[in-house]
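Residue strings, one per chain:
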Amino acid sequence: MARAALLLAALSTLVAAAAAGGDAPPGKIAVVGAGIGGSAVAHFLQQHFGPRVQIDVFEKGTVGGRLATISVNKQHYESGAASFHSLSLHMQDFVRLLGLRHRREVVGRSAIFGGAHLVLEETDWYLLNLFRLWWHYGIGFLRLQMWVEEVMEKFMRIYKYQAHGYAFSGVEELLYSLGEATFINMTQRSVAESLLQVGVTQRFIDDVVSAVLRASYGQSAAMPAFAGAMSLAGAQGSLWSVEGGNKLVCSGLLRLTKANVIHATVTSVTLHSKEGKALYEVGYETEQRHSSDFYDIVVIASPLHLDNSSSNLTFQGFTPPIDDLQAAYQPTVVSLVHGYLNSSYFGFPDPKLFPFASILTTDFPSFFSTLDNICPVNISANFRRKQPQEAAVWRVQSPKPLLRTQLKTLFRSYYSVQTAEWQAHPLYGSRRTLPSFALHDQLFHLSALEWAASSVEVMAVAAKNVALLAYNRWYQDLDKIDQKDLMHKVKTEL
């Protein structure tokens, strides 16, 4: 009996020590932003900490963020991120988990417009497309493909690291674990410089690479090579989207998580202390009043723009102060135009002979970057894409809202124009250093990874990293944070 009593006493001491060391799960977690980053991190946090943790998600706008739709003639069309790459493994997992379906693909041909004429036209024959690329640009396109594949092969290591529970406190640490100094250097040198070094011609960069980067980032080949490589990877291989709208992933994850969505603007995060541990007071404003609540963990999952109301978010009581988060973002205007295309502008006086569903542009003309004949988010079995002589819904991406004269340049006539303006991606080159995910003990900035590359899947990768970082820090599992030579460690764990 005495021995049993001693064992019980020792066990109770261990339990008390474990609780004092933070082994009790967090009570409340705050996530600021309900886009793909916020909804994914809420899902991953619950996955790691368990279903009992309360997760409050603050969103001042609509759930989905940059995954959004616009209604035209009672049909819904993507106005944000339109598609995902086949290698977007987290997004693929979300779709399976939520019981969603891939949207049926409606094939269409593409071309690149140089301002005076089409510099490259896609055909229906794969071998002919390859021959045209070779004829115009030599083997530069093969060298580009090899360069992109090498980058992606290394980047895909992140999924294996995350599956084994490893996390990184900063973007530089994450990139170094994947591609060592090569990836770090790629954030500091341009796409053009990197491609010229591997034997891609300047003409191919000007005609093709620039068009892809304008379509995805609204920026030029002077942007950093790592972000450019991720963008160019998205232009190769198969793309997919979600039946019913890509934003269903965000709302579905929040519903699955049973997160408490609070429609409010977060104005402040203030550091307090409770029993020697950090406690964060989140101040927020609704239409009715100003309120605040306390959280064990806080994740900032929305970009902090220099020219956006989210820049009103202040951090109080931190030493050293947190004041280097706001940064410049590249604005993108998406215009959904229901009307008749002016095919003459692209060199086709007879609209019936215009064969393209998508037009990318080089640096000229500068007033728009892409033009797409788009399909609704719900596609019936008998759906067909509108013919060029018919009124269709076209999606135009531009750096600024289109003027009436510019609309008249692109369209013979139109019934309606609806726009959405996004602070879509970081303005690369406006920040010199790669930011950190960890702002304080349990305060995290998810959008930090956008400064290496920006896409929906990149935000999902960042969400998984932040959830793991919070979990490993909470339970003081420091061997899972910022580890070197992870490829060797992961192999030995198998």
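Sequence positions are assigned chain by chain, starting from 1 and proceeding in written order. For a predicted model such as this one, the threshold for reporting local features is a pLDDT of at least 70, and the threshold for listing and counting side-chain atom pairs is 80 or more; totals across whole chains, interfaces and linings nevertheless cover every residue. Only hydrogens and water are removed before side-chain values are computed, so all heavy atoms of the structure are retained for them.

Asks: Where do I start with the sheet that holds strand S21 (residues 443–445) in this structure?
Replies: Across the sheet, six strands lie side by side as S9-S2-S1-S13-S21-S20; this open sheet has mixed pairing. If you trace the sheet from one side to the other, it starts and ends with strand S9 (260–262) and strand S20 (438–440), each paired once. Adjacent strand axes in the sheet meet at a mean angle of 20° when their direction is disregarded. Note on pairing: DSSP must find at least two bridges between two strands before they are called paired. For helices the rule is a DSSP run of H or I covering at least 4 residues; for strands it is a run of E covering at least 2, with both sets numbered from the N terminus onward. Here strand S1 (residues 28–32) pairs with strand S13 (residues 297–300) via four bridges, running parallel. Bridged to Ala 30 within S13 is Val 298. Residue contacts are defined here by distance: any two heavy atoms, one from each residue, within 4.5 Å place the two residues in contact. Lines fitted to the C-alpha atoms define the axes, with helices restricted to the stretch that makes contact. Angles between their N-to-C directions range from 0 to 180 degrees. Sitting on the sheet, helix H2 (residues 36–49) touches S1, strand S2 (54–58) and S13, and the angle it makes with S1 is about 160°.

Asks: What should I look at first to understand the pairing of S13 in this one?
Replies: Relative accessibility thresholds used throughout: buried, under 20% of the residue-type maximum; exposed, over 50%; partly exposed, between the two (1.4 Å probe, protein chains only). Along S13, one buried face is formed by Ile 297 and Val 299 and the opposite face, lined by Val 298 and Ile 300, is buried too. Looking at chain direction, S13 and S21 are connected through three bridges and run parallel. Bridge pairing links Val 298 to Leu 443 in S21.

Asks: Explain the confidence of the model for the protein chain here, please?
Replies: A low pLDDT means the predicted coordinates there should not be read in detail. By definition, pLDDT measures how confident the predictor is in each residue, and it falls between 0 and 100. Confidence along the protein chain averages 89 in pLDDT terms, with 93% of residues attaining 70 or more. Predicted confidence for residues 1–22 stays below pLDDT 50, and this span has six contacts to residues more than four positions away or in other chains.

Asks: Looking at this model, I keep getting lost on the environment of Ser 358. Mind explaining?
Replies: Tracing the backbone shows Ser 358 in strand S16 (residues 356–361). Separated by 203 residues in the primary sequence, Ser 358 and Phe 155 have C-alpha atoms spaced 29 Å apart. Setting aside residues no more than four positions away along its own chain, Ser 358 makes contact with Arg 109, Ser 110, Ala 111, Leu 371 and Asp 372. Among the polar contacts listed, one links the side chain of Ser 358 to the side chain of Asp 372, at a separation of 2.6 Å. The definition of a polar contact used here is a pair of N or O atoms within 3.5 Å, where within protein one atom must be able to donate a hydrogen and the other to accept one, and adjacent residues in sequence count solely through side-chain atom pairs.

Asks: Would you explain unusual backbone geometry in this entry?
Replies: Keep in mind that most residues, glycine aside, have a negative phi and that most peptide bonds are trans. Note that the residue after Thr 319, namely Pro 320, is joined by a cis bond; omega there is -5°. Note that Pro 320 resides in the loop between strand S14 (314–316) and strand S15 (329–341). Notably, Asn 73 is not glycine yet its phi reads approximately 50°, a positive angle. Along the chain, the position of Asn 73 falls in the loop between strand S3 (69–72) and strand S4 (75–78).

Asks: Any chance you could explain the pattern of salt bridges here in plain terms?
Replies: A side chain of one charge can pair with a side chain of the opposite charge if their charged atoms are brought near each other. We define a salt bridge as a contact between a side-chain nitrogen of Lys or Arg and a carboxyl oxygen of Asp or Glu at a distance within 4 Å. Scanning the entire structure with this criterion turns up nine salt bridges. A salt bridge links Asp 207 to Arg 203; the nearest nitrogen and oxygen atoms lie 3.8 Å apart. Pair noted here: Asp 207 and Arg 203 are both in helix H9 (residues 202–217), with a separation of four residues, about one helical turn. On the basis of relative accessibility, which here comes to 14%, the residue Asp 207 falls in the buried class. When the shortest N-O distance is used, the salt bridge between Glu 390 and Arg 384 registers 3.2 Å. Residue classification places Glu 390 among the partly exposed residues on the basis of a relative accessible area of 23%.

Asks: For this particular structure, what's the right way to read the packing of H2 against helix H13 (residues 456–474)?
Replies: In helix packing, the relevant descriptors are the interaxial angle and the interaxial distance, both defined with respect to the helix axes. Orientation of H2 relative to H13, taken along the N-to-C sense of each, is 35°, at an axis distance of 8 Å. For the element pair H2 and H13, the recorded crossing hand is right-handed. Packed against H2, whose contacting residues are Ile 36, Gly 37, Ala 40, Val 41, Phe 44, Leu 45, Gln 47, His 48 and Phe 49, the element H13 presents Val 456, Met 459, Ala 460, Ala 463, Lys 464, Val 466, Ala 467, Leu 468, Ala 470, Tyr 471 and Trp 474 at the interface. Broken down by class, the residue content of the contact of H2 with H13 amounts to 16 nonpolar, three polar and one charged. Throughout, a crossing is termed right-handed when the near helix is turned clockwise from the far one, and left-handed when it is turned anticlockwise from it by less than a right angle. Ten residues, namely Ala, Val, Leu, Ile, Met, Phe, Trp, Tyr, Cys and Pro, are considered nonpolar, four, namely Asp, Glu, Lys and Arg, are considered charged, and the remaining ones, Gly among them, are considered polar.

Asks: Hey, could you run me through the pairing of S2 in this one?
Replies: When a strand is regular, its side chains alternate between the sheet's two faces. Most of S2 sits out of view: four of its five residues are buried. Examined bridge by bridge, S1 and S2 share five bridges and lie parallel to one another. Looking at S2, one finds that Val 31 is bridged to Val 57. When S2 meets S9, the two strands line up parallel, connected through three bridges. Bridge pairing in S9 places Asp 56 opposite Asn 260.

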